[in-house]
Each structure stands twice: as C-alpha cells, then as structure tokens.
Amino acid sequence: MPKILLVEDNEMNRDMLSRRLVRRGFEVSLAVDGAEGVTRCEEELPDLVIMDLGLPVMDGWEATKRIKATTTTRHIPVIALTAHAMMGEEERAAAAGCDAFETKPVELPRLLAKMAALLKLPPPAPAP
Amino acid sequence: MRANRSPPKLAQRHLRLPADTEELRALRHDLRTPINPLLGYCELIVEEAGDAAPGPFLAGMRKLHATGAQMLKLTNEIFSDQPSGLRQLDCAELQCEFRGPAEAAATLCRQLEQQAVVAALPVAARDLQRIGVAVDRWLKRIEEMLEENCR
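Small disclaimer: the values here were computed from a predicted structure and weren't measured. (Residues numbered from 1 in each chain as written. Chains lettered and ligands numbered in written order. Predicted model: local features only at pLDDT ≥ 70, side-chain atom pairs only at ≥ 80, totals over all residues. Heavy atoms only, no water.)

Peer 1: Pulling in residues and values, what's your account of helix α4 (residues 91–118) of chain B?
Peer 2: Each α-helix winds once per 3.6 residues, and so residues spaced three or four apart point in a common direction. Residues and elements named next belong to chain B. Compared with an ideal rise of 1.5 Å per residue, which puts 28 residues at 40 Å, α4 spans 41 Å between its outermost C-alpha atoms and is within 8% of the ideal. Helix geometry: α4 is bent most strongly at Arg99, by close to 25°, with proline Pro101 lying one to four residues after it. With its phi angle positive at about 55°, Ala120 sits one or two positions after the end of α4. (Helix = DSSP H or I, 4+ residues; strand = E, 2+ residues; numbered from the N terminus. Expected span 1.5 Å × (residues − 1). Bend = angle between axes of the 7 residues up to and from the residue.)

Shown next as structure tokens:
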C-alpha cells in the first residue's frame, strides 16, 4: 500500500482529498503547513508527497526545496498542487524540485495517473 | 447564512482588475480555492453513497456538481486573457452572473442535505454542509473582489 504525504492547509481540501485517496487504497498521512510537511517527510519517508504550494509557516516551494536538498528524502517524488493556474506556475514548481504539477480543482483521474506514473504502479482503476 | 446577502450598488461601474501580477495571482487563487472542495465533495459523496443513495439524490448531486463547474468557468473567464462577454458587463450585472449559480448551489445544498438525512446518509449530510460553507466563501470573496475592483 503506497504511503502518501498530503501537505495541505485547507481543512476541507485535506479531508476531501485524503478520503478519496484512502478509498483507492493509499495510506495517507497529513501535514498542515510546509514546515510540518518537511518534518513528516523526513520522519515517515512516504512513497510520494502531494504538496500544496500556498502554505502557511513555510510555503510549498520552500518545503519542496528542503525535501529535495535532503539526502534521505530527495528521491521521494513531489506533486505540486495549487489553485494558482496562471502561466509560469508549473515552471516555478519544477524549479523548486517538484516532479509533477496539478491544479485545483483537482481532476482526480489525472492526479491518480500522475501518481501511478511516479510510483511506477499500473494505471489506476475506476473508484470502487 | 448561505448566499442571500443583498447586492451592493455596483451599477454603471466596471471591473478593473489589478495590474499587479502578484495581486491578480492571489485573487485568482482565492476564487478558485473554494471550488475545489465543492467539486471534490460532490464526486466523493456520489462515490461513497453509491447504490445506497436514492436516484433523485444522485441526480441532485450531479446537478450541484454541474453548478460548481459553472462557478469555475465564470471564475476562469473573469481572469482570461481572451475577450469575454462577461467583461463587458457592468458590475451589477456581473454580480448577478456570479450570484445566480452560487444561490442555486446553496439552495441545492440545503435540499440535498435534507434528503441525505432522510436517506440515512449522515456523512453525505455533513459533507453537504461543508459544500455550503465553500459556496458561501466563494460568493463572499467574489463580492469583496467586486467591491475592491469596480470603478
């Protein structure tokens, strides 16, 4: 069961997305800001991080930079998730070290496909 | 309270979005953010309730999802670089364009929440309350945006 760390400050988004991922067989761990995300990532070594970018305490760009700068966590793929859908955002996320980029509102099949590719899993099946 | 504030006086004023990129970026982010739980919870409720839910409830959920998609389309259109009929409207008309789907979504939420309670779907009922909160936040931010940027 792949373990996902979801870093998201919005309580509704955290609840909604984590439940949808659990329904699809993922184990989901949560962090509410970038600093907690970095700490949890180092402690839990998840298989993949879904990182909101607009976060309090430490934003998602900085948190991703720190994850990618740490020897024990740099191999962990990070998917940036943001409601910033303007031109240049994806490049900015990539520059911080994000391996993939998704905009909110989340299109779950597309997010799952990116997760499967990064986790080297078979393409996702429809929801149970 | 859900989506039933009285509209401020915005007639004959037009939307002038901030020239500052960061300000525009933040505004767009603020307006797109509440639509994520709206659409996501709609999809989750249909997944979780599945065959246990009455047909009219599921039809109502699909209608609520479509209304949320309309709110997203309006939000994207306002910030689009492409010419849009929306941008030609004065702010009072624009406000009506935004309030229409928001009020429809708020009404649907209340109806579906009651249906979920009757159908013994307590998790769906709670999630519908959350959708109602997201709709409220979206409309509140739209009205703030109009107040701040209509001249």
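Peer 1: How would you summarise the state of the cysteines if you had to cite specific residues and measurements?
Peer 2: All names here are of chain B. Counted by the stated rule, this structure contains one disulfide over all chains. The residue that forms a disulfide with Cys91 is Cys150, at a sulfur-sulfur distance of 1.9 Å. Every disulfide takes its handedness from the sign of the S-S torsion; for Cys91 and Cys150 that torsion is -95°, giving left-handed. Residue Cys91 is found in helix α4, and its partner Cys150 is found in the segment after α5 (122–149); the two are separated by 59 residues along the sequence. According to the relative accessible area criterion, Cys91 is buried, its value standing at 0%. (Disulfide = S-S within 2.5 Å. Buried < 20%, exposed > 50% of the residue type's maximum accessible area, 1.4 Å probe, protein only.)

Peer 1: Run through the side chain of A:Arg19, naming residues and quoting values.
Peer 2: In this fold, A:Arg19 is placed in helix α1 (residues 11–23). For A:Arg19, a relative accessible area of 15% puts it in the buried group. A distance of 3.0 Å separates a polar atom in the side chain of A:Arg19 from a polar atom in the side chain of A:Asp15. Non-local contacts of A:Arg19, meaning those with residues more than four positions away in its chain, are made with B:Tyr41, B:Leu44, B:Glu48, B:Val123, B:Arg126 and B:Asp127. (Polar contact = N/O pair within 3.5 Å; in protein donor to acceptor, adjacent residues only side chain to side chain. Contact = heavy atoms within 4.5 Å.)

Structural measurements only, silent on function.
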